[in-house]
Amino acid sequence: MAEGLSAAARTGRHAAHVTAATAAGFYPALHLLDRPVAGIYALFTPIAFGILSPLPGAGRDRAATVLRAVPAAAVLVVLGTVLAAGTWPAVAGMLAVGFALAFGAACGPRIAGAAPGLQLFYILACFPPYEPGTLPQRLAGLVVGGALLALAEAVFFPDAPEPSYRGRIADALDLAARAAAGVVRGEGPDPETAGRLGAAGRELRLSRLPAGARPTGAGRTDRALAQAGAATRRLLDQLALLASHDPAPGDTVSAELLRGIAANCAETAEALRGGGRGRPLPGPQLLEEMVADFLKARGAPAESTGASAGRRARTTGAHTRAPDPPAPALRTVLVRRSTVLTAAVSAVTVRTAASLALGGRERLHGLPREQFWYAAEGTARLVAVRVRGNLTRRSVVFQNALRTALGLALARLVAGSLDLTHGFWVLLAVLTLGRTTAGATWSAVRAAAAGTLAGAFAAGLLIVGAGGASDVYAALLVPMMLVAFTLGPLGGPSWGQGLFTLVVATAFAQIAPVTWRLAEARLVDVLTGSAIGLLCGLLAWPAGARAEIRYGMSGLLRAAAPVVRATTAAVTDGSGEGAVPAGTAKSAGTAKSAGPASPGVRLTLHRLRIAEAVYAQYRTEPAADAAGSAHDWLSVLDHGSRTLVGAYWLPRTDGMPGLPADARRWAHEAAEEVVAATVRAAGFPPDGVRVRPAPLPPEVAERVPAPLLAPLTDVEVWLHALARDLEAGSPPGPEDRPDRTDRTDGTGRTGDQPARCTTASHSSASADLA
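Conventions and cut-offs
- Residues numbered from 1 in each chain as written.
- Predicted model: local features only at pLDDT ≥ 70, side-chain atom pairs only at ≥ 80, totals over all residues.
- Heavy atoms only, no water.
- Helix = DSSP H or I, 4+ residues; strand = E, 2+ residues; numbered from the N terminus.
- Buried < 20%, exposed > 50% of the residue type's maximum accessible area, 1.4 Å probe, protein only.
- Contact = heavy atoms within 4.5 Å.
- Areas by Shrake-Rupley, 256 points an atom, 1.4 Å probe, with all protein chains shown as cover.
- Expected span 1.5 Å × (residues − 1).
- Axes fitted to C-alpha atoms, helices over the stretch in contact; angles between N-to-C directions.
- Parallel < 35°, antiparallel > 145°, perpendicular 65-115°, else oblique.
- Nonpolar A, V, L, I, M, F, W, Y, C, P; charged D, E, K, R; others polar.
- Core = buried A, V, L, I, M, F, W, Y, C linked by side-chain atoms within 4.5 Å.
- Salt bridge = Lys/Arg side-chain N within 4 Å of Asp/Glu carboxyl O.
- Phe/Tyr/Trp six-rings, centres within 6.5 Å; stacked < 30°, edge-to-face > 60°.
- Lys NZ or Arg CZ within 6 Å of the ring centre and 35° of its normal.
- Patch = residues over 30% accessible without salt bridge, like charges linked within 9 Å, V, L, I, M, F, W, Y side chains within 5 Å.
- pLDDT = per-residue confidence, 0-100.
- Left-handed = near helix turned anticlockwise from the far one by under 90°.
- Polar contact = N/O pair within 3.5 Å; in protein donor to acceptor, adjacent residues only side chain to side chain.

Draft legend 1. Region of interest: the overall build of the protein chain. Summing up its helical and strand segments, the protein chain has 28 helices and zero strands in all. When burial is assessed residue by residue, the protein chain has 56% of its 770 residues classed as buried. Looking at the protein chain alone, contacts between residues at least 24 apart form 81% of all its contacts between residues at least 6 apart. Entry remark: accessible area of the protein chain is about 29,900 Å², with carbon and sulfur atoms responsible for 63%.

Draft legend 2. Structural detail: helix α21 (residues 545–572). Compared with an ideal rise of 1.5 Å per residue, which puts 28 residues at 40 Å, α21 spans 40 Å between its outermost C-alpha atoms and is within 8% of the ideal. Counting buried residues along α21, 21 of its 28 residues qualify, which places the element largely inside the surrounding structure.

Draft legend 3. Structural detail: the packing of α21 against helix α25 (residues 661–682). Relative orientation of the contacting elements α21 and α25 amounts to 175 degrees, with a least axis distance of 8 Å. Here α21 is positioned roughly antiparallel relative to α25, judged by the angle of their axes. Between α21 and α25, the residues in contact are S554, L557, R558, A561, V564, R565, T568, A569 and T572 and R664, A667, H668, A671, E672, V674, V675, T678, V679, A681 and A682, respectively. Taken together, the residues of the contact of α21 with α25 break down into 11 nonpolar, five polar and four charged.

Draft legend 4. Structural context of unusual backbone geometry. Following P128, the chain continues into P129 via a peptide bond in cis, with omega recorded as 5 degrees. By secondary structure assignment, the location of P129 is in the loop between α5 (109–125) and α6 (135–156). Located in the positive-phi region is F684, a residue other than glycine, with phi close to 50 degrees. Locating F684 in the fold gives a position in the loop between α25 and α26 (698–701). On the accessibility criterion, F684 (12% relative accessible area) is buried.

Draft legend 5. Summary view of the nonpolar core. If you look at the biggest cluster of nonpolar residues, it comprises 115 residues, and the most contacted ones within it are L235, L239, I261, M553, L712 and L719. With 13 residues, the top contributor of residues to this core is helix α13 (residues 327–357). If we skip the residues at most four places from it in the chain, L712 touches T572, M656, L659, A663, W666, A667, L696 and V704. Within the second largest apolar cluster, 78 residues are counted, among which are L30, I40, L499 and L518.

Draft legend 6. Quick peek at the pattern of salt bridges. Applying the stated criterion to the full structure yields 10 salt bridges. With a closest N to O distance of 2.8 Å, R642 and D725 form a salt bridge. Taken together, the residues R642 in helix α24 (residues 633–649) and D725 in helix α27 (residues 706–729) connect sequence positions 83 residues apart. Across the pair R692 and E727 runs a salt bridge whose closest N-O atoms are separated by 1.8 Å. With R692 in the loop between α25 and α26 and E727 in helix α27, this residue pair connects regions lying 35 residues apart in the sequence. We classify R692 as exposed; its relative accessible area is 57%. Ionic contacts of the salt-bridge type, sharing partners, join the residues D171, D174 and R273 into one network.

Draft legend 7. Spotlight on the packing of aromatic side chains. Tallying each qualifying case throughout the model produces 10 aromatic pairs. Three or more aromatic residues joined by ring pairs form one cluster here, namely F44, F424, W425 and F508. Across the ring face of W425, the terminal group of R522 is positioned such that the distance to the ring centre comes to 5.4 Å.

Draft legend 8. Structural context of a nonpolar patch on the surface. Judged by side-chain polarity, L410, L535, L538 and L539 come together as a nonpolar surface patch covering roughly 380 Å² of accessible area. Mapped onto the fold, L410 is located in helix α15 (residues 396–418). Owing to a relative accessible area of 31%, L410 belongs among the partly exposed residues under this scheme.

Draft legend 9. Looking closely at the confidence of the model for the protein chain. In the predicted model, the protein chain carries a mean pLDDT of 79, and 81% of its residues have values of at least 70. Confidence, expressed as mean pLDDT per element, reaches its minimum in the protein chain at helix α28 (residues 753–756) with 28 and its maximum at helix α4 (residues 87–103) with 93. Between residues 1–5, whose pLDDT stays under 50, and residues either more than four places distant or in other chains, the model counts zero contacts. Low confidence marks residues 580–595, where pLDDT is under 50. Its contacts with residues over four positions away, or in another chain, come to 48 contacts.

Draft legend 10. Representation of the packing of helix α18 (residues 470–491) against helix α19 (residues 493–511) in the model. One can describe the packing of α18 onto α19 by two numbers: an axis separation of 8 Å at closest approach and a directional angle of 160 degrees. Judged by the angle between their axes, α18 and α19 are roughly antiparallel. In this structure, α18 crosses over α19, and the sense of that crossing is left-handed. Together, S470, Y473, A474, L477, M480, M481, V483, A484, L487, G488 and G491 of α18 and P493, W495, G496, L499, L502, V503, T506, A507, A509 and Q510 of α19 make up the contact between the two elements. For the contact of α18 with α19, a count of residues per class yields 15 nonpolar, six polar and no charged.

Draft legend 11. Broad picture of α15. With 23 residues, α15 extends 33 Å between its outermost C-alpha atoms, agreeing within 8% with the 33 Å of an ideal straight helix rising 1.5 Å per residue. If you check the start of α15, you find a side-chain oxygen 3.3 Å away from the backbone N of V397, and it comes from S395. D419 sits one or two residues past α15 and shows a positive phi near 50 degrees.

Draft legend 12. Focus on the side chain of T193. Following the sequence through the fold, T193 ends up in helix α8 (residues 191–203). With near-sequence residues (within four places) excluded, T193 lies in contact with A179 and A243.

Written out as structure tokens, the structure is:
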């Protein structure tokens with residue numbers, strides 16, 4: 001109830017902003033200066049950017065977006081004015097402008113939010129009469145309307161700023177720092193802390209954030225923040241696993257690294273809150289050095305690690321290293337240490353990504369370059385990468401842009417050919433009622449038709465009653481706009497179209513004498529535009545993302561399967577692809593740090609981006625939960641993300657000389673089980689996929705040299721985590737259905753899944769990485 005009232009209050013406040021800006025520009029231009037063309041543009045500019053465009057952010061953020069969009073809108077007005085000379089030039093321009101603006105949604109939420117409003121400026125200008133002499137009035141009305149809306153949003157009625165994603169990450173990292181320190185001190189499982197960590201991770205999902213707080217742009221800052229958020233969620237999940245299990249007494253190796261994780265998280269959180277730009281975070285290499293020491297120390301005999309222990313003593317205050325646990329408990333400790341290592345890797349990723357988001361240019365000390373491929377790229381290059389990645393008919397961004405462009409161009413052709421009165425209303429109906437699925441479009445069209453019919457009837461009665469008394473219309477316009485801009489967004493297409501019909505009737509009645517035929521023209525135009533929009537929805541990808549999500553997820557799984565095999569081979573044999581070709585230079589400590597990514601990794605990363613984009617739209621479409629209830633698509637994305645993380649981080653050496661043949665054979669067989677299950681999962685069998693890679697046999701583990709047992713355990717933990725992702729993403733089999741929960745966290749993931757991860761980190765939704 002409180003949330004509903006809050007939403008209504010925000011909508012009403014925003015309606016007041018738009019109404020004030022519209023009235024302040026329209027009335028003086030029309031009644032004082034007698035410039036009706038300028039008045040029309042001063043009227044529609046705040047409506048375009050304030051109502052038609054869902055601009056992200058709070059008041060000041062929206063104001064900045066409006067001011068940046070005004071020059072682009074001016075270009076579109078000029079273009080539309082020139083092309084209004086004929087129907088076919090206007091149609092060609094509408095096709096190009098419609099596609100370019102709709103496709104620009106791939107570059108970030110601000111462009112996506114402003115695109116519908118920008119479309120309106122070309123639509124207004126490209127209709128007859130062809131009067132290039134009115135261009136100064138059009139541009140003046142545009143500039144005045146945009147400036148007034150920006151002033152209303154930022155100065156006269158400023159909204160409270162929304163919490164930034166950077167601040168949310170900082171809060172989560174503070175919790176992670178306390179949790180890591182608590183794990184070091186813990187005497188047993190702490191389910192309360194594990195629950196808080198899981199809840200904090202869910203709050204970082206982009207689906208939980210307002211549009212303005214989502215770092216989904218193509219630039220380096222947004223990419224780095226998105227990566228920092230995803231790595232923070234993985235870190236929280238990994239710490240939740242550690243907090244929910246018994247500690248390993250005397251495991252000083254893990255304790256030292258956990259202290260480093262806590263310090264790293266606290267420093268990163270402080271830097272993110274400070275908002276410093278262009279400076280690296282404190283202690284740029286400390287945690288990486290501790291990870292390197294950890295890798296050397298965790299599997300080596302106690303007497304062989306003196307130098308490493310001395311180095312750790314200098315950085316963490318520790319002076320001695322406890323001897324390794326007895327053989328029966330060694331495997332349990334190694335699994336725990338592997339989980340600690342994955343948490344440290346996530347912490348390193350968070351710090352580096354946060355530094356890049358703050359403008360730092362630090363070197364990637366011991367980090368895989370492919371993981372931060374965007375770090376050295378310019379904005380133009382990053383935008384080009386985003387655009388090129390979506391120039392495929394399988395991209396939902398491409399599909400939406402082409403559907404929108406074709407619908408608007410067809411509407412312009414019909415309106416121009418039939419010489420419809422106020423024909424731009426036809427295009428406006430296509431623009432506002434089009435949806436990503438035919439079913440959703442039909443639902444919107446039905447509601448809009450009913451609302452427009454009611455609004456036209458009311459407008460006709462108003463015009464018949466008021467006649468030519470322009471003072472009546474002038475007095476009614478402001479309260480009419482306030483009601484329409486408040487109830488329209490809350491009530492849906494029916495209320496929106498009906499009330500907007502009254503608004504345009506009261507506005508146009510002040511510009512020129514009108515009769516009840518204006519309401520009739522409005523009804524005909526809206527119905528015509530609705531029919532065109534529905535036709536496009538039926539013919540062009542009518543199922544929306546639901547038709548593409550299986551294809552996108554299948555492509556991701558098929559690309560990831562060979563990488564699993566190659567990464568395992570790179571670890572055990574020193575061959576295979578891994579993240580970079582075998583033999584490429586590696587850092588002394590954490591991961592491969594030089595050389596290009598392998599073709600398999602590049603293909604998987606590309607498929608992951610496409611799958612993320614499909615999933616992002618899929619979650620916005622009606623009945624997404626019902627249509628995809630048999631599959632947990634986030635787990636499929638997790639599988640792809642975890643595959644890449646393993647390819648980046650696991651191959652730290654040139655193989656394992658001295659690894660017993662039966663241990664190497666076990667690793668290859670376990671990997672092949674996961675690969676085969678991944679390929680099966682790509683076909684989405686109705687009974688799902690069940691895969692249980694055999695654990696490393698104890699008798700084999702006893703023969704593995706201590707320095708090799710730890711990295712071999714990493715591979716085991718990674719393969720079992722991939723197997724769990726595959727099972728979680730599949731429909732439940734008959735033996736699983738009675739135990740499967742229907743609880744969700746609001747994003748489609750079943751609520752019990754984090755608890756099932758017992759030996760490895762649980763990767764958070766990779767859909768938030770794009």
